[in-house]
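Summary of the model geometry
As a plain string of letters, each chain reads:
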Amino acid sequence: MTASHPTKRPTDAAHLDDSDVDLPPELLNLPWVDIHNHAHTLSWEDRERYALAGCRSMMMVASGYHWTPYKPVEADDIRFLWDDAINRRAAIQRNHFFEAKLGLGIHTGVRIENPDELLDAMDAYCELDEVIAIGETGVTPSQHVSRWDVDQQQAIVQGQMELADEHDLPVLLHTPNQSTDSRRSYRDGIGIPGYEKNTGLGADPVIDSDNPALESVKRDIEAMRDAGLSDRRVVASHADGNNTEYLMENTDCYLSYTIGHSWLIGVTAADVADAIDEYGPERIMIDTDCANVLRTDPFALKRAIFELYRYGIDEAAIRKVVLENPRDVFDFDA
Ligand SMILES: [Zn+2]
């Protein structure tokens, strides 16, 4: 306690010593990169929030799943999503000043009637400067509306990985999350609040396993090996407690933790801090996955920067995770 405070009786100020607290002013302005979002589906205001929070670069992901209106889904429906993103990307970049690039993918969350047509078309799209990755894609345990045989899914994932290898592009993997047992299900017909998806149309699982989410990831890794794609060209998004150990110990892939909708998948900055503590920051990234069909937070990545520091992660590791790793793997200009 110092005698310097003229307060009537001692306050906290008399007990706190600022001199031994290490505050990180650099983090206030640290640029960051979001390698997985669907910002082209967000509002102008939400995209502006990315800019306000210091986003330097982002990859907007156009792949089938939530945005194809017709079921069954045809290749042309997915092609439209790719073209829509290409159509609008430059305007988004000029409006908000961050670097906006694209990931194009064939996602298996809905079954596509003629996916080989898409694989054929994708080759030419990979030549575009603005396309910096293939994805999101990855085997999923169950589909919307109609089931997609798991071996056929894996073949489509592998086909995209072969293309990525030919064009020297990274692949953004969608890894399924495991839902927690404690979660209650919602009243019939209401669906999940904050998630604009008709969950009543979910098809029966195509993977019969105790841990279908992890089984899916193992199939993705098998596809990667069969495609001859280097582990270092694969970024597994939606990393979580169910797949971190497997991916860290059995592969050399990057893991990206999705923290833009923690209320849904349960992953937070604390999980990222735990992973950095255990494995180091070299193969870790963070993404928001913000999209218009979900309650998502464009400020999530900026908030995570502060959270990681509060959880004891040093500034160099934070910089590596939010800026250097994504910049190196996805070859952003900024
Ligand atoms: Zn996504």
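First things first, this report covers the structure right here in the doc. (Residues numbered from 1 in each chain as written. Predicted model: local features only at pLDDT ≥ 70, side-chain atom pairs only at ≥ 80, totals over all residues.)

1. Quick notes on the environment of lysine 320
The test is simple: The way it works is that DSSP assigns letters per residue, a run of H or I at least four long becomes a helix, a run of E at least two long becomes a strand, and they are numbered from the N terminus. Three exposure classes are used, based on other C-beta atoms lying within 10 Å of a residue's own C-beta, which is placed from the backbone: buried for 20 or more, exposed for 12 or fewer, and partly exposed in between. Residue pairs are scored as contacts if the distance between their C-beta atoms, which are placed from the backbone, is within 7 Å.
Assignment of secondary structure puts lysine 320 in helix α10 (residues 315–330). Residue lysine 320 is classed as buried on the basis of its C-beta count, with 21 C-beta atoms lying within 10 Å. It is 38 Å that separates the C-alpha atoms of lysine 320 and glycine 191, two residues lying 129 residues apart in sequence. Apart from the residues lying within four places of it in its own chain, the contact partners of lysine 320 are Pro281 and Asn325.

2. Overview of the sheet that holds strand β6 (residues 234–237)
Strands in a sheet are paired, the pairing made by backbone hydrogen bonds, and the direction either parallel or antiparallel. For clarity, the threshold we go by: When DSSP finds two or more bridges between two strands, those strands count as paired. Where helices are involved, their axes are fitted lines through C-alpha atoms of the stretch in contact, as for all axes, and angles between N-to-C directions lie from 0 to 180°.
In space, the eight strands of this open sheet follow the order β1-β2-β3-β4-β5-β6-β7-β8, with parallel pairing throughout. Here the strands that pair on one side only, and so sit at the sheet edges, are β1 (32–37) and β8 (284–287). Ignoring strand direction, the axes of neighbouring strands in this sheet form an average angle of 25°. As defined by bridge partners, strand β2 (residues 55–63) adjoins strand β3 (residues 99–105) across seven bridges and the pair is classed as parallel. Looking at β3, one finds that methionine 59 is bridged to lysine 101. Against the sheet, helix α2 (residues 75–96) contacts β2 and β3, and its axis sits at roughly 175° relative to β3.

3. Notes on α2
Where we set the bar: To estimate the expected span of a helix, count its residues, drop one, and scale the result by 1.5 Å. The bend reported for a residue corresponds to the angle between axes fitted to the seven residues ending at that residue and the seven starting there.
When the terminal C-alpha atoms of α2 are compared, their 31 Å separation across 22 residues agrees well with the 32 Å that a helix rising 1.5 Å per residue should span. A bend of about 35° at arginine 88 is the largest found in α2. Within α2, the full set of buried residues consists of Ile78, Leu81, Trp82, Ala85 and Arg89. Of the surrounding secondary structure, the elements contacted by the buried residues of α2 are β2, β3 and α3 (115–125). Immediately downstream of α2, the backbone of phenylalanine 97 shows phi near 75°, a positive value.

These figures capture arrangement, not role.
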